[in-house]
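Understanding the architecture of this molecule
So the chains spell out like this:
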Amino acid sequence: MGLNITQKIISAHLIDGRMEEGEDIAIRIDQTLTQDATGTMAYLQFEALGLKKVKTDLSVSYIDHNMLQSGFENADDHRYLQSVAAKYGVHFSRPGNGICHQVHLERFGVPGKTLLGSDSHTPTSGGIGMMAMGAGGLDVAVAMGGGAFYLKMPEVVKIQLTGKLQNFVTAKDVILEVLRVLTVKGGLGRVVEYGGPGVKSLSVPQRATITNMGAELGATTSIFPSDEKTKEFMKLQKRAKNWSPLEADEGAKYSKVIKIDLSKLEPLLAKPHSPDSISKVKSIKRTKVDQVCVGSCTNSSLYDLMITAALLKGKKIHPDVSCTITPGSKQVFEAIAANGALTDIISSGARILESGCGPCIGMGQAPSSGAVSVRSFNRNFPGRSGTKDAQVYLASPETCVAAALTGYITDPRELKKFPRVVLPKSIKIDDAGIIPPTDNPTKVTVLRGPNIAPLPINKGMSSTLEGEVLLKTGDNITTDHIMPAGAKVLPLRSNIPKIAEYVYFQHDPGFVTRAKEKNGGFIVGGENYGQGSSREHAALAPMYLGLKMVLTKSFARIHLANLINFGILPLNFANPDDYDKIDQGDILKLPMVSDIIATGADLTVKNITKGVDIPVTYSLTPRQVSIVRAGGLLNYTRGGGR
Ligand code: MIC
Ligand code: SF4
């Protein structure tokens, strides 16, 4: 039987389990990446494993999120990350060197290898033919220690591409189309694999835009074949020796095939407040724009910046628009400086930002009250921009520039003249922003500032759980709702007691006080609970507040894994209509739950307030049951579990 790309990579890395859809499997991880907002926890956890050195082929620690140094906190964390990287054999990408996914694609990605990153957009490297997945920091720490990564054998969906994109239609429009078809829940338990004759018309950075935003589908990952275009890209990066071809076999099986004719696509955008709220740009009625931001790990490649500059050349940003532009890496920044594109950007009146996540994660550039912001980013969840009532649209750099020049949401085809951007045949490769690990790790002292608080460790699970429903939510709750980011909260990522004060801060400001008064309790949610980022703080901080169990219609993959890793019991309604039988404030009881899940027997939640019994399910592997009962993965590992 022919294998698809996903099956090929998994079979070459399989440590445990059978490669059958839905089966629990364990795979070997070749490379890891971390970023600063999740990295401090990941390395504290790695240190707790007591190893001398990472056991991966390559591990990289990036600084890209917490770049504002408005107090000592982020600077302290950066110092810790640099010293811990040197000590344990990790490459360190300095602040200013660029966004982890962009840099990893350029400098480290290798077709056919596995990559685990403590950031949900790690699938960006799927653009180069890697099996690249996002995970919580603890899973990445375990992988750095040589441990396997556990996942369910995904089903594989094929996106069959034909045709060629027209002028002003972009890779971003491809992934927005996929989001329109599959929605933010459509990727759950799936890998999205791209194939068909249309693939060869897309460059690696274009492919990476598509796999990057595949995270918004909730997919395990997204992947492209490795072909001549991949070789070309790796040659440009002076890494041709790392290239190898990879494609699906003839007759490879897929659970579903979705056909997209690239030549029929039009400029699209995602409307507030979800990446799957898709519309054609031309169908948006006249909407005035206050802010435009080009950048983020989705759209900050050299091509993205060059087309942005070419469209801005000789024109001025509309007086009512504040426009920021962020090159994704030092390499991109240097290239546009050298070829003059940067001058076109600056003279248009756009504001150029240092290479990093910046406005994408609310690290500066929060829009004005009620503002309309058009961004080339990947997420427009409520409040993520830093302004609660901002209206954020997601679109291609081309559509962003059209808005920046006209002051309105505008179909970029109205700009008429399409500038042909020719990428250079060679670019300057200078890895001065990447510090390799030292040869002399014993001489390195790990530097910890006062911002870094010890990791809170959960207690083992009680035999019976009883408590109040602290919060009942609707569908598609994001980790930005649970544990907001932004310039104020992100510096607290290394300090769980402090960051715990911000759990559900914008969505439900009374949550923390309630959780403390009631001594913890439960959360009830709808579909796709915990979608979005990989931040384990969305489990760790609620755990610190005493959250014991979350009962939902369904969970997003990474958040589910994070809840388990920190000993919070994830349950699903056996019957989704029973969601209506619980209200916020109800008292729930789960008698002998710890014993019941150990045996795999049926489980019932008793709603004491309403006097009803609610059947629930738990799709946990025996290993996950042991982790939850132990109070989390660290306790489980310390107790001898692997
Ligand atoms: C994001 O885009 O939400 C982030 C910030 O990159 C997160 C990681 C984090 O919360 O630190 C992600 O996507 O995993
Ligand atoms: Fe950074 Fe935004 Fe990409 Fe997350 S989505 S890694 S915050 S640029």
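The structure displayed is predicted, hence computed values, not measured ones. (Residues numbered from 1 in each chain as written. Chains lettered and ligands numbered in written order. Predicted model: local features only at pLDDT ≥ 70, side-chain atom pairs only at ≥ 80, totals over all residues. Heavy atoms only, no water.)

**Some remarks on helix α6 (residues 171-182)**
Two residues of an α-helix separated by three or four positions point the same way, owing to the 3.6 residues in each turn. Heads up, the rule is: The secondary structure listing takes helices from DSSP runs of H or I that are at least 4 residues long and strands from runs of E that are at least 2 residues long, numbered from the N terminus. Here the expected length of a helix is defined as 1.5 Å per residue gap, with one fewer gap than residues. Exposure classes here rest on a 1.4 Å probe applied to the protein chains alone. A residue is buried below 20% of its type maximum, exposed above 50%, and partly exposed in between. Polar contact is the term for a pair of N or O atoms within 3.5 Å; when the atoms are in protein, one must be able to donate a hydrogen and the other to accept it, and sequence-neighboring residues count only if both atoms are side-chain atoms.
Between the first and last C-alpha of α6 there are 17 Å, a value that for 12 residues agrees with the 16 Å anticipated at 1.5 Å per step. Within α6, 10 of the 12 residues are buried, which leaves the element mostly enclosed by the surrounding structure. The complete set of buried residues in α6 reads Ala171, Lys172, Asp173, Val174, Ile175, Leu176, Glu177, Val178, Leu179 and Leu182. Capping the start of α6, Thr170 holds a side-chain oxygen 3.2 Å from the backbone nitrogen of Lys172, two or three residues further along. Downstream of α6 by one or two residues, Thr183 has phi in the positive range, about 70°.

**Section: the pairing of strand β2 (residues 24-27)**
Convention followed: We call two strands paired when DSSP finds no fewer than two bridges between them.
As paired strands, strand β1 (residues 14-16) and β2 are joined by 2 bridges and run antiparallel to one another. Within β2, the residue paired with Leu14 across the bridge is Ile27. As defined by bridge partners, β2 adjoins strand β8 (residues 149-152) across 4 bridges and the pair is classed as antiparallel. Each residue of the ladder has a partner; that of Ile25, found in β8, is Leu151.

**A look at the site of ligand 2**
The cut-off we apply is this: Here a residue is near a molecule or strand as soon as one of its heavy atoms is found within 4 Å of it. Cavity means a closed set of points on a 1 Å grid over the protein atoms alone, one where a 1.4 Å probe fits but cannot get out, pocket means an open set with protein on both sides within 12 Å along at least 5 of 7 lines, and lining means a residue has an atom within 4 Å of a point. Being in a pocket or cavity means that more than half of the molecule's atoms lie within 2 Å of its grid points.
Around ligand 2, the surrounding shell consists of His65, His101, Asp119, His121, Ser296, Cys297, Cys357, Cys360, Ile361, Asn378 and Arg384. According to the grid-proximity analysis, the pocket containing ligand 2 is the largest cavity.

**Re the site of ligand 1**
Counted only if it meets this: For accessible areas, the Shrake-Rupley method is used with a probe of radius 1.4 Å. Any residue's cover is judged against the shown protein chains and nothing else. As a working rule, the residues Ala, Val, Leu, Ile, Met, Phe, Trp, Tyr, Cys and Pro are called nonpolar, Asp, Glu, Lys and Arg charged, and the rest polar, with Gly in that last group.
Taken together, 14 residues are adjacent to ligand 1, and Asp119, Ser120, Arg493, Ser534 and Arg535 come closest. Contacts to ligand 1 include Gln35, whose side-chain N or O atom sits 2.9 Å from an oxygen atom. Backbone polar atom of Ser534 to an oxygen atom of ligand 1: 2.7 Å apart, as the coordinates give it. Within the complex, the protein chains bury 97% of what would otherwise be the 340 Å² of accessible surface of ligand 1. Of the residues contributing to the shell around ligand 1, the split by class is 2 nonpolar, 7 polar and 5 charged.

**Here's the deal with empty space enclosed by the protein**
Basically, it comes down to this: Grid points are joined across faces, edges and corners, and a volume is the space filled by probe spheres set on the points.
Considering all chains together, one arrives at 6 cavities of 30 Å³ or more under this definition. By volume, the largest cavity is sized at about 220 Å³. Lining the largest cavity are 24 residues, and of these Gln35, His65, Asp119, Ile361 and Arg384 sit closest to its centre. Secondary-structure elements contributing two or more residues to the lining of the largest cavity are α2 (36-48) and α4 (100-107). Residue classes in the lining of the largest cavity are distributed as 8 nonpolar, 10 polar and 6 charged.

**A closer look at the nonpolar core**
Rule in force here: Throughout, nonpolar core names a set of buried Ala, Val, Leu, Ile, Met, Phe, Trp, Tyr and Cys residues whose side chains join them through atoms within 4.5 Å. Throughout, a contact is declared for two residues whenever any of their heavy atoms are within 4.5 Å.
Counting 98 residues, the largest nonpolar core has Tyr504, Phe511, Met549, Leu569, Leu571 and Leu590 as its most contacted members. Top contributing element to this core by residue count: helix α5 (residues 137-144), with 6 residues. If we ignore the near neighbours within four places in the chain, the residues touching Phe511 are Leu470, Leu471, Val503, Tyr504, Ile523 and Leu545. Grouped together as the second largest cluster of nonpolar side chains are 40 residues, Ile336, Tyr393, Cys400 and Val421 included.

**Looking at the packing of aromatic side chains**
To describe a pair of aromatic rings, you give the distance between the ring centres and the angle between the ring planes. Inclusion rule: Only centres within 6.5 Å qualify two rings of Phe, Tyr or Trp (six-membered ring in Trp) as a pair; their planes then separate them into stacked at under 30 degrees, edge-to-face at over 60, and tilted for everything else. Here, a charge over a ring is recorded when the distance from Lys NZ or Arg CZ to the ring centre is within 6 Å and its angle to the ring normal is within 35 degrees.
For the coordinates displayed, the defined rule picks out 7 aromatic pairs. Summarising the aromatic geometry, the rings of Phe46 and Tyr88 are spaced 5.3 Å apart at their centres and angled 75° between planes, so their arrangement reads as edge-to-face. Taken as a pair, Phe46 in helix α2 and Tyr88 in helix α3 (residues 72-88) lie far apart in primary sequence, 42 residues in all. Here Phe46 falls in the buried class, since its relative accessible area comes to 0%. Over the face of the ring belonging to Tyr150 we find Arg623, whose NZ or CZ atom lies 3.6 Å from the ring centre.

**So, the sheet that holds strand β10 (residues 190-195)**
The test is simple: Between N-to-C directions, angles span 0 to 180 degrees; the directions come from axes that are lines fitted to C-alpha atoms, helices contributing only their stretch in contact.
Strands sit in the order β11-β10-β9-β12 across an open sheet of 4 strands; the sheet is parallel. Of all strands in the sheet, those bounded by a partner on one side alone are β11 (221-223) and β12 (256-261). The sheet shows a mean angle of 20° between the axes of neighbouring strands, taken without regard to direction. Pairing geometry for strand β9 (residues 155-162) and β12, over 6 bridges, is parallel. The residue of β12 that forms the bridge with Lys158 is Val257.

**Description of the sheet that holds strand β7 (residues 131-134)**
With mixed pairing, the 6 strands of this open sheet are ordered in space as β7-β6-β3-β4-β5-β20. Each of the sheet's edge strands pairs with one partner strand only, and the pair in question is β7 and β20 (434-435). Bridging between strand β5 (residues 91-93) and β20 involves 2 bridges; their strand directions are antiparallel. Residue pairing in the sheet places Ser93 in a bridge with Ile434 of β20.

**Describing helix α10 (residues 330-339)**
Burial in α10 covers these residues: Lys330, Gln331, Val332, Ala335 and Ile336. Buried positions along α10 lie against α4, α9 (302-312) and α11 (341-348). Positive phi shows up at Gly340, right after α10, with a value of about 90°.

**Some thoughts on the packing of α6 against helix α7 (residues 204-213)**
Each pair of packed helices can be summarised by the angle the axes make with each other and by the distance between the axes. Put simply, the rule reads: Angle categories are assigned with fixed cut-offs, so that under 35 degrees is roughly parallel, over 145 is roughly antiparallel, 65 to 115 is roughly perpendicular, and the rest are oblique. Left-handed is the label given to a crossing in which the near helix is rotated counterclockwise from the far helix by less than a right angle, and right-handed is the label when the rotation is clockwise.
Here α6 crosses α7 at 30°, and the two axes come no closer than 8 Å. Considering their axes alone, α6 and α7 lie roughly parallel with respect to each other. Between α6 and α7 the crossing geometry is right-handed. For the pair α6 and α7, the contacting residues are Ala171, Lys172, Val174, Ile175, Leu176 and Leu179 in the first and Gln206, Thr209, Ile210 and Met213 in the second. Looking at the contact of α6 with α7 residue by residue, the classes come out as 7 nonpolar, 2 polar and 1 charged.

**A word on unusual backbone geometry**
Cis geometry marks the peptide bond from Pro272 to His273, where omega comes out at 0°. With respect to the element layout, His273 can be found in the loop between β13 (268-270) and β14 (278-280). Even without being a glycine, Ser296 presents a positive backbone phi close to 75°. Inspection of the secondary structure puts Ser296 in the loop between β15 (291-294) and α9. For Ser296, a relative accessible area of 1% puts it in the buried group.

**Looking at the side chain of Glu47**
Mapped onto the elements, Glu47 comes out in helix α2. Polar contacts involving the side chain of Glu47 include one to the side chain of Tyr80, which spans 2.7 Å. Setting aside its immediate chain neighbours within four residues, Glu47 contacts Tyr80, Val84, Tyr88, Val446 and Arg448.

**Some points on the environment of Pro197**
Checked against the element boundaries, Pro197 lands in the loop between β10 and α7. For Pro197, a relative accessible area of 48% gives the class partly exposed. Between the C-alpha atom of Pro197 and that of Lys280, which follows or precedes it by 83 residues, the distance is 25 Å. Sequence-distant contacts of Pro197, that is, excluding residues within four places in its chain, are made with Gln160, Leu161 and Thr162.

**What to know about the packing of α9 against helix α12 (residues 397-406)**
The geometry of α9 relative to α12 is characterised by a closest axis approach of 9 Å and an angle of 30° between their N-to-C directions. Classified by the angle their axes make, α9 and α12 are roughly parallel. Our pair here, α9 against α12, has a crossing hand that is right-handed. Across from Tyr303, Asp304, Ile307, Thr308, Leu311 and Leu312 in α9, the residues of α12 making contact are Pro397, Glu398, Val401 and Leu405. Looking at the contact of α9 with α12 residue by residue, the class counts come to 7 nonpolar, 1 polar and 2 charged.

Distances and angles like these do not, on their own, reveal function.
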